[in-house]
Amino acid sequence: MRRTMLIFAALTFALTGAGCGSDEGDGGAEGQVGGEILMVDLEEQNGSGESGTAELRGEGGQTIVEISLDGAPETEPQPAHIHRGTCEDLDPMPAYPLEDVVDGKSTSTEAVTLEELKKGQFAINVHESVPEASVYVACGNLGSAT
């Protein structure tokens, strides 16, 4: 009985202790739960009428990317990626594919730390559609993020 209680206590501590970080981008160690948050403005491109934000959160050695676009189509999926370079000069080969934006929303988990993305020169871009992937509708530079 005592062993069962110790195991239960250890599990409870492990589960509740994992979420002790702050969600406020307090400069905590990279890779911790509740680590740094980086906001990126996604600006309209090619007269698309689409703009919004991308929130990048470092968690456990990965980065969670949440895209929110105003003016996006309600039903047609829009490919999104993290590319090397800037919105003005993107490497056409995506560095990290993101989940398609559907009805203006996308959430992806990438196997790269936020610190690595901040050190390099990267941009997030969204394409008009799968058939019109050469048309960019929104883009934001990670280097110019606030």
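Now for a look at the structure at hand. Just so you know, these numbers come straight off a predicted model, no measurement behind them.

Procedures and definitions
Residues numbered from 1 in each chain as written. Predicted model: local features only at pLDDT ≥ 70, side-chain atom pairs only at ≥ 80, totals over all residues. Heavy atoms only, no water. Pairing = 2+ DSSP bridges. Helix = DSSP H or I, 4+ residues; strand = E, 2+ residues; numbered from the N terminus. Axes fitted to C-alpha atoms, helices over the stretch in contact; angles between N-to-C directions.

Time to look at the sheet that holds strand 7 (residues 122–127). Strands sit in the order 5-4-7-8-1-2-3-6 across an open sheet of eight strands; the sheet is antiparallel. This sheet does not close on itself; its edge strands, each paired only once, are strand 5 (89–101) and strand 6 (105–110). Averaged over all neighbouring strand pairs, the angle between strand axes comes to 25°, with direction disregarded. One ladder, built from nine bridges, connects strand 2 (residues 51–59) with strand 3 (residues 62–70); its direction is antiparallel. When the bridges of strand 3 are listed, Glu55 appears paired with Glu66.

With that out of the way, let us pick up unusual backbone geometry. The backbone of Asn46 sits at a positive phi, close to 55°, despite the residue not being glycine. Assignment of secondary structure puts Asn46 in the loop between strand 1 (37–44) and strand 2.

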